[in-house]
Amino acid sequence: MRLILLGPPGAGKGTQAARLMEKYNIPQLSTGDMLRAAVKAGTPTGLRAKSVMDAGGLVSDEIVVGIIADRIREADARNGFILDGFPRTVAQAEALDTLLARNDMRLDAIVELKVDEAALLARIEKRARETVAAGGVVRADDNPEAFKVRLDAYRAQTAPVSAYYAGKGGLKTVDGMAPIDAVTAAINGALGG
Ligand code: AMP
């Protein structure tokens, strides 16, 4: 199973990806997680990406496409993967098409979580509070200023990715405002069980 989870920041992609990982025994490939790991490790990519990420902007297509090109060829991704947070621009979606064709891979589904934008900031704030309560460190971009930039980037650059896949006939839309278990059930239904 090779699938893409689309949706704005705070839509619940990470939560649903974790459940899909378990169900299908495939890895979640989150470019956000990989970039945060690069920032933490102080790699050249991390150093280039940090300030853009902290401000809520998008890292260059070249960097994220390079990361995904390497990652989908690793052994654990042989039987499939869940792309979470990638592609975020139409150029990335096109680059992904090329990468998949080159590796003789095909996408099985593209699932979009539709959410009410007004609810997203509250979700992000809740995520930050829960992280603090659990003794964790809040993401540098989980604050209202960076969130606004992230949402603007989503509207301008990522929303067209849904149209790109809808045009190809592979997009399935799920109500991301439903309770978590209901969203999971709807995704499973969209994936055919
Ligand atoms: P996320 O964890 O998916 O919310 O990503 C956190 C941040 O990493 C984003 O706000 C971007 O700065 C960067 N990022 C993650 N994935 C991508 C991508 N596919 N293209 C560009 N920037 C990305």
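What counts and what doesn't
- Sequence order sets the numbering: in each chain, residues are counted from 1 along the sequence as written.
- With pLDDT at 70 or above as the cut-off, local features in this predicted model cover only qualifying residues; side-chain atom pairs require 80 or more to be listed or tallied, and sums for whole chains, interfaces and linings still use all residues.
- Just so you know, side-chain values use all the structure's heavy atoms and leave hydrogens and water out.
- Counting from the N terminus, the helices are the DSSP runs of H or I reaching at least four residues and the strands are the DSSP runs of E reaching at least two.
- Two things to know: the radius of gyration comes from C-alpha atoms, and the globule rule equals 2.2 Å times the number of residues to the power 0.38.
- Exposure classes here rest on a 1.4 Å probe applied to the protein chains alone. A residue is buried below 20% of its type maximum, exposed above 50%, and partly exposed in between.
- In what follows, a contact means two residues having at least one pair of non-hydrogen atoms within 4.5 Å.
- A side-chain nitrogen of Lys or Arg and a carboxyl oxygen of Asp or Glu constitute a salt bridge if their distance falls within 4 Å.
- Between N-to-C directions, angles span 0 to 180 degrees; the directions come from axes that are lines fitted to C-alpha atoms, helices contributing only their stretch in contact.
- Note that the term roughly parallel is reserved for angles under 35 degrees, roughly antiparallel for angles over 145, roughly perpendicular for angles of 65 to 115, and oblique for everything else.
- Basically, the charged four are Asp, Glu, Lys and Arg, the nonpolar ten are Ala, Val, Leu, Ile, Met, Phe, Trp, Tyr, Cys and Pro, and anything else, Gly included, counts as polar.
- DSSP calls a pair of strands paired once it identifies at least 2 bridges connecting them.
- Residues are labelled near a given molecule or strand when at least one of their non-hydrogen atoms is within 4 Å of it.
- We define a polar contact as two N or O atoms separated by no more than 3.5 Å, with the added condition that, inside protein, one atom must be a possible hydrogen donor and the other a possible acceptor, whereas residues neighbouring each other in sequence contribute only through side-chain atom pairs.
- What sets the accessible areas is the Shrake-Rupley method with a 1.4 Å probe; for residues, cover comes only from the shown protein chains.
- Each Phe, Tyr or Trp ring, with Trp reduced to its six-membered ring, pairs with another whose centre is within 6.5 Å; inter-plane angles below 30 degrees give stacked pairs, above 60 give edge-to-face pairs, and intermediate values give tilted ones.

### A closer look at the overall build of the protein
Then, number 1: Looking only at helices and strands, the protein has eight helices and five strands in total.
Then, number 2: Listing the helices and strands of the protein from first to last along the sequence gives β-α-β-α-α-α-β-α-β-α-α-β-α.
Then, number 3: A compact globule built from 193 residues should have a C-alpha radius of gyration of about 16 Å, and the protein, at 16 Å, falls within 12% of that.
Then, number 4: When its C-alpha atoms are laid out on the principal axes, the protein stretches across 40 × 40 × 30 Å.
Then, number 5: A buried classification covers 42% of the 193 residues belonging to the protein.
Then, number 6: In the protein, of all internal contacts separated by at least 6 residues, the share reaching a separation of at least 24 is 75%.

### Brief notes about the pattern of salt bridges
Then, number 1: Within the structure shown, the criterion is met by 15 salt bridges.
Then, number 2: Of the charged contacts in the structure, one is a salt bridge between Asp76 and Arg71, with a shortest N-O distance of 2.7 Å.
Then, number 3: Residue Asp76 is classed as partly exposed on the basis of its relative accessible area of 40%.
Then, number 4: Between Glu130 and Lys126 there is a salt bridge, with the nearest N and O atoms lying 3.4 Å from each other. With a gap of four residues between them, Glu130 and Lys126 both fall in helix 6 (residues 117-133), about one helical turn apart.
Then, number 5: Using a relative accessible area of 45% as the deciding quantity, one classes Glu130 as partly exposed.
Then, number 6: For Lys126, a relative accessible area of 45% puts it in the partly exposed group.
Then, number 7: Taken together, the salt bridges that share partners define one network made up of Arg127, Arg139, Asp141, Asp142 and Arg150.

### Side note on the packing of helix 2 (residues 31-41) against helix 4 (residues 61-71)
Each pair of packed helices gets described by two things: the angle between the helix axes and the distance between those axes.
Then, number 1: Running from N to C, helix 2 and helix 4 cross one another at 100°; their axes reach a closest spacing of 11 Å. Relative to helix 4, helix 2 is oriented roughly perpendicular. Note on element contacts: helix 4 touches helix 2 through Ile63, Val64, Ile67, Ile68 and Arg71, opposite Thr31, Met34 and Leu35.
Then, number 2: Residue composition of the contact of helix 2 with helix 4, grouped by class: six nonpolar, one polar and one charged.

### Topic: the sheet that holds strand 4 (residues 109-114)
Then, number 1: What the five strands build is an open sheet, ordered 2-3-1-4-5; its pairing is parallel. Strand pairing shows two members of the sheet lacking a second neighbour, strand 2 (28-30) and strand 5 (171-175), which therefore form its edges. Averaged over all neighbouring strand pairs, the angle between strand axes comes to 25°, with direction disregarded.
Then, number 2: Where strand 4 meets strand 5, five bridges bridge the pair, whose relative direction is parallel. Each residue of the ladder has a partner; that of Leu113, found in strand 5, is Val174.

### Some details on the site of the ligand
Then, number 1: Taken together, 16 residues form the shell around the ligand, and within it Thr31, Arg36, Gly57, Gly85 and Gln92 come nearest.
Then, number 2: With respect to the ligand, the backbone of Val59 contributes an N or O atom lying 3.1 Å from a nitrogen atom.
Then, number 3: Contacts to the ligand include Arg88, whose side-chain N or O atom sits 3.0 Å from a nitrogen atom.
Then, number 4: Burial of the ligand by the surrounding chains reaches 96%, relative to a free accessible area of 480 Å².
Then, number 5: With four residues, helix 2 is the largest single contributor of residues to the shell around the ligand.

### Brief notes about the packing of aromatic side chains
Then, number 1: Overall, the coordinates contain one aromatic pair when judged by the stated rule.
Then, number 2: Measuring from centroid to centroid gives 5.2 Å for Tyr164 and Tyr165, while their planes differ by 80°, and the two rings are edge-to-face. Residue Tyr164 shares its accessibility class with Tyr165, and that shared class is buried.

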